Amino acid sequence: MKVHNWINGERAGGPLAPSFDPSNGELIGEFAAGGAIEAAAAVAAARHAFDRTTWPQDARYRQRILLDWANALERDVEGLARLLTRENGKPLAQARGEMLAAISEIRYYAGLARHIPGHVLEPEPGVFSTILREPAGTVGIIVPWNAPAVLLVRSAAPALAAGCTLVIKPAAQTALFLCTLLDSLVRLAIPPGVVNVVAESGHEVAEYLVRSTDIDVISFTGSTATGKKIMATAAESVKKLSLELGGKSCCVVFEDADVQAVAPRLAQAATIISGQQCTAARRVLVHASLAPAMRDSLRTALGTLRLGPGLAPDTQMGPLIDETARNAVARMVEEACDQADSVLLRGGVPDGALRHGSFLSPTLVEHRDPNAFFCQEEIFGPFVTLETFETEAEAVAKANNAIFGLSASVWTHDGARAMRVARALRNGTVWINDHNKLFAEAETGGYRQSGLGRLHGYEALADFTELKHICLTAGVSLPDQTTGK
Ligand code: NAD
């Protein structure tokens, strides 16, 4: 399989770079890797399409394109889901779910394309202030590999709905999938340059987009460390930033929760995409009275998950994205196991048929000090910590003792407590008796070092629009003084 880039409505080549199946190390195909030259051409094309076509003004046309894209993807859901599983490693059911969510989200923003209203005020007699929401311009989207369909769409669909033009930079690990997914968009009847795609094996293209004065917005999903570098570089051109960064989700389990029922759900929430989801459950904070039951149940639930290739029908957890990531996570897990009060389940690299893939089985440790590095830092893999608390206030304090603020969950049948604690947790999303539920309609994003702005939902349009104030002094039409009429 070979995929290429798209610049100004035309296919663009480049030196070929390989992409591998993380479940067995086999070569799946090659993608054309771009560099600064391709990035410059793509930026120029996006700029031209924004400045010189009616794309930014024609909302009904943009809606039609988004609906056509969703329909095209729907015709090939199964093929795309299988390719996503092969390249990313996630179980096929998760890949299918991701494709359906992405299609649904495109349709959501297709509707919103025709509803981006402003408002009018009369701040002084006869003075009219019209506030319009306008497209922000050209957008560089840097897409990660963990959920490439949904994480592309949640930036690209609102940006296109708003009237922006795009340069999309896929992650190298899932470039075959993303370029294939975007093929069905670039082939639609859109002006050349509205959607440009430049994959790469390094970071030159991404850095070019961040530096360029012809890019108005960067929408980046990735780690907090890279997000900080992007903020520093983007300061030079003062561009708008939409940053969806790392997390360390806490699950707070109160004394009335049913541990037998909750533990398997936490295990699932912790190992979704092999623990490579930003919102994955990472810290389980459990009331001390339930600690013995939680130790046993969570260890069993995590320890009995079936690892395997994503295409195998009984697989519950696939490999990590590649060997480099697996080895980095394994090193951090080993260090955590050396320092933790107790290791309840020690994961590792499986042997047998799975040894050719980048698999890592889950680890569970228990620890009292919430400041330990493994209770604070994001470890992007199947690793969970168990901590205990005695009071609600202690639970909230421990959960909020973090640099991140992406998501959390509260597990209790006491509705008032659930609401109270959800309000007290400094996170962009809090689930009650659930975890990892995301919707096209509901905004997600981070407090603190988990990011800037919101994606999904109506508010995502704010990341890709500017507000303009047009002021007109029209005067007041008064009755004729001579006739009194
Ligand atoms: P990463 O930070 O390594 O990002 C990699 C991407 O950034 C690549 O495309 C790379 O080319 C680009 N990049 C690297 N250096 C750059 C620079 N100096 N300037 C511009 N671009 C640069 O992240 P990752 O490992 O690909 O993804 C995992 C991370 O993503 C985790 O931290 C996870 O929590 C986060 N994530 C967050 C969300 C969210 O919604 N908040 C969703 C998914 C993933």
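Visitor: How should the overall build of the protein be read in this particular structure?
Guide: Helix and strand content of the protein: 15 helices and 23 strands. Projecting the C-alpha coordinates of the protein onto the three principal axes gives extents of approximately 90 × 60 × 40 Å. Expressed as a percentage of the 485 residues in the protein, the buried residues total 55%. Taking contacts inside the protein between residues at least 6 apart in sequence as the whole, the part at least 24 apart equals 73%. Here the protein has roughly 20000 Å² of accessible surface; of this, 53% comes from carbon and sulfur atoms. Averaging the positions of the 45 positive and the 53 negative side-chain charges in the protein gives two centres separated by 2 Å.

Visitor: Help me understand the packing of aromatic side chains, please; the structure alone is not making it clear to me.
Guide: Aromatic ring pairs are defined here through the distance separating the ring centres and the angle between the ring planes. Under the definition given, this model contains six aromatic pairs. Centroid distance phenylalanine 254 to phenylalanine 389: 5.4 Å. Interplanar angle 70 degrees. Geometry classified as edge-to-face. With phenylalanine 254 in the loop between strand S13 (249-253) and helix H9 (259-271) and phenylalanine 389 in strand S17 (residues 383-389), the pair connects residues that are 135 residues apart, well separated along the chain. No difference in accessibility class separates phenylalanine 254 from phenylalanine 389, as the two residues are buried. Here the aromatic cluster, defined as three or more aromatic residues joined through ring pairs, consists of Phe373, Phe374 and Phe383.

Visitor: I tried to follow the pairing of strand S14 (residues 281-287) on my own but got confused; where do I start?
Guide: Taken residue by residue, a regular strand's side chains alternate between the two faces of the sheet. Burial runs high along S14: seven of the seven residues are buried. Bridge count for S13 against S14 is five bridges, and the pairing is parallel. Bridging across to S14, valine 253 finds its partner in valine 286. Where S14 meets S17, five bridges bridge the pair, whose relative direction is parallel. Looking at the pairing, leucine 285 lines up with glutamate 387 of S17.

Visitor: Before we go on, may I ask you to explain the environment of leucine 132 in this structure?
Guide: Positionally, leucine 132 belongs in strand S7 (residues 127-135). As for leucine 132 and isoleucine 403, which are separated by 271 residues in sequence, their C-alpha atoms are 36 Å apart. The contacts of leucine 132, once residues within four sequence positions are left out, are Gly118, Glu466, Leu467, Lys468 and Ile470.

Visitor: Would you mind showing me how to read empty space enclosed by the protein here?
Guide: In this approach, a probe sized like a water molecule rolls over the atoms, and the result shows the empty space that is left. Scanning the model with the defined rule gives one cavity of 30 Å³ or more in all. Estimated volume of the largest cavity: approximately 60 Å³. Surrounding the largest cavity, Lys248, Cys250, Arg283, Ala399, Ala402, Phe404, Gly405, Leu406, Ser407, Ala408, Asn427 and Arg448 form its lining. Mapped onto the lining of the largest cavity, the elements with two or more residues apiece are strand S18 (404-405) and strand S19 (407-411).

Visitor: Got a minute to help me understand the site of the ligand in this structure?
Guide: Every one of the 26 residues lining the ligand counts as a neighbour, but Arg154, Ser223, Thr226, Leu245 and Glu378 are closest to it. Here an oxygen atom of the ligand sits 2.8 Å away from a polar atom, N or O, in the side chain of lysine 169. Contact with the protein chains removes 88% of the 860 Å² of surface that the ligand exposes when unbound. Residue composition of the shell around the ligand, by class: 11 nonpolar, eight polar and seven charged.

Visitor: What am I meant to see in helix H6 (residues 175-186) here?
Guide: An α-helical turn contains 3.6 residues, so a residue and the one three or four places further along point in the same direction. Compared with the 16 Å implied by 1.5 Å per residue over 12 residues, the 16 Å span of H6 between its first and last C-alpha is a close match. With respect to burial, H6 is a largely interior element, 10 of its 12 residues being buried. Those residues of H6 lying buried are Ala175, Leu176, Phe177, Leu178, Cys179, Leu181, Leu182, Ser184, Leu185 and Val186.

Visitor: For this particular structure, what's the right way to read the packing of helix H3 (residues 77-88) against H6?
Guide: Angle between the axes and distance between the axes: these two values describe a pair of packed helices. Between H3 and H6, the least distance of the axes is 8 Å, while the angle of their chain directions is 160 degrees. It follows from the interaxial angle that H3 and H6 lie roughly antiparallel. The interaxial crossing formed by H3 with H6 has left-handed handedness. Touching Leu80, Leu83, Leu84 and Glu87 of H3 are Ala175, Leu176, Phe177, Thr180 and Leu181, all from H6. The residue makeup of the contact of H3 with H6, split by class, is seven nonpolar, one polar and one charged.

What counts and how
- Residues numbered from 1 in each chain as written.
- Predicted model: local features only at pLDDT ≥ 70, side-chain atom pairs only at ≥ 80, totals over all residues.
- Heavy atoms only, no water.
- Helix = DSSP H or I, 4+ residues; strand = E, 2+ residues; numbered from the N terminus.
- Buried < 20%, exposed > 50% of the residue type's maximum accessible area, 1.4 Å probe, protein only.
- Contact = heavy atoms within 4.5 Å.
- Areas by Shrake-Rupley, 256 points an atom, 1.4 Å probe, with all protein chains shown as cover.
- Lys, Arg positive; Asp, Glu negative; His and termini not counted.
- Charge placed at Lys NZ, Arg CZ, Asp CG, Glu CD.
- Phe/Tyr/Trp six-rings, centres within 6.5 Å; stacked < 30°, edge-to-face > 60°.
- Pairing = 2+ DSSP bridges.
- 1 Å grid on protein atoms, 1.4 Å probe; cavity = no way out; pocket = protein on both sides within 12 Å on 5 of 7 lines; lining within 4 Å.
- Points joined across faces, edges and corners; volume = space filled by probe spheres on them.
- Near = heavy atom within 4 Å.
- Polar contact = N/O pair within 3.5 Å; in protein donor to acceptor, adjacent residues only side chain to side chain.
- Nonpolar A, V, L, I, M, F, W, Y, C, P; charged D, E, K, R; others polar.
- Expected span 1.5 Å × (residues − 1).
- Axes fitted to C-alpha atoms, helices over the stretch in contact; angles between N-to-C directions.
- Parallel < 35°, antiparallel > 145°, perpendicular 65-115°, else oblique.
- Left-handed = near helix turned anticlockwise from the far one by under 90°.

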